[in-house]
Amino acid sequence: MSTDIDELLPDSAVNLDIAAKDWRDAICLAGNALKESGFTTDEYTNQMIETVEKMGPYIVIAPGLALAHSRPSEAVLKSGLSWIRLSTPVKFGNTANDPVSLVIGLAGHDENEHIGVMSAVAAALSNPVKTRELAQAKNAKEIRAILKS
């Protein structure tokens, strides 16, 4: 990844094998991790949920994977990622790619950073070997190492 994944995905932004009641709860987990890591305010989490309510579950970009995000706004303090691996997958309403077990929260400070971070994540996740390794990673350090490789 061209951007510094160590800064974009700190330990505080990674939660593995936690439960979510539904897709809204899963997005809240991703949003809380972004907020706790200093990337966003609470308002960004609300914006991510509103985006899915308005646009549908297009954020479910691959089988089992949702890229939760909203447009760059004042609620984004700086660009960053959160990584939420759910203990039990949840449905977002995307028939092709449900249920979702990995929710990556994406906060882009501006349009260019937003697109750059998204494409870097997509490149790593389009590799089936990396995807399997990421699903079994035990902590944030392992996840960052896989994304960098």
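Predicted model only: the values in this text are computed from it and were never measured.

A. Fine view of the packing of helix H5 (residues 128–136) against helix H6 (residues 140–148). Two elements in contact, H5 and H6, have axes separated by 9 Å at closest approach and are oriented at 170°. One element, H5, and the other, H6, form an angle in the roughly antiparallel class. Note on element contacts: H6 touches H5 through Glu142, Ile143, Ile146 and Leu147, opposite Lys130, Glu133, Leu134 and Gln136. Considered class by class, the residues forming the contact of H5 with H6 number 4 nonpolar, 1 polar and 3 charged.

B. Local environment of the pairing of strand S3 (residues 65–69). Among the 5 residues of S3, 5 are classified as buried, and the element is accordingly described as predominantly covered. Residues of S3 alternate between two faces, with Leu65, Leu67 and His69 on one and Ala66 and Ala68 on the opposite face, all of them buried. One ladder, built from 2 bridges, connects strand S2 (residues 60–62) with S3; its direction is antiparallel. Following the sheet pairing, Ala62 is matched in S3 by Leu65. In this antiparallel pair of consecutive strands, S2 and S3, the connection spans 2 residues, and Gly64 shows a positive phi of 80°.

C. Main features of the confidence of the model for the chain. In the predicted model, the chain carries a mean pLDDT of 91, and 96% of its residues have values of at least 70. Averaged pLDDT values over the elements of the chain bottom out at 73 in helix H4 (residues 111–125) and peak at 98 in helix H2 (residues 23–36).

D. Quick look at the sheet that holds S3. The sheet built from 5 strands is open, its strands ordered S1-S4-S5-S3-S2 with mixed pairing. With one partner strand each, in any of the chains shown, strand S1 (14–18) and S2 form the two edges of the open sheet. Sheet twist, expressed as the mean angle between neighbouring strand axes with direction ignored, is 20°. Sheet strands touched by H2: S1, S3, strand S4 (80–90) and strand S5 (100–107). Its angle to S4, the strand with the most contacts, is close to 150°. Contacts between helix H3 (residues 42–55) and the sheet are confined to S3 and S5, with S3 contributing the most and set at about 125° to the helix.

The rules we used
- Numbers given to residues run from 1 along each chain, matching the order in which its sequence is written.
- Per-residue local features are limited, in this predicted model, to residues with pLDDT of at least 70; the limit for side-chain atom pairs, both in listing and counting, is 80 or more; totals at the level of whole chains, interfaces and linings are taken over all residues.
- The basis for the side-chain values is all heavy atoms of the structure; hydrogens and waters are excluded.
- Lines are fitted to the C-alpha atoms to define the axes, a helix being fitted only along its stretch in contact, and any angle between axes, read from their N-to-C directions, falls within 0 to 180 degrees.
- Put simply, DSSP marks the helices as runs of H or I at least four residues long and the strands as runs of E at least two long, and each gets a number from the N terminus on.
- Angle categories are assigned with fixed cut-offs, so that under 35 degrees is roughly parallel, over 145 is roughly antiparallel, 65 to 115 is roughly perpendicular, and the rest are oblique.
- When checking whether two residues touch, look at their non-hydrogen atoms; a contact exists if any pair is within 4.5 Å.
- Side-chain classes follow a simple rule in which Ala, Val, Leu, Ile, Met, Phe, Trp, Tyr, Cys and Pro form the nonpolar group, Asp, Glu, Lys and Arg form the charged group, and the remainder, Gly included, forms the polar group.
- Type-normalised accessible area, obtained with a 1.4 Å probe on protein chains alone, sets the label of each residue: buried when under 20%, exposed when over 50%, and partly exposed for intermediate values.
- In short, DSSP must find at least two bridges between two strands for them to pair.
- Along the chain, pLDDT gives the predictor's confidence residue by residue, from 0 to 100.

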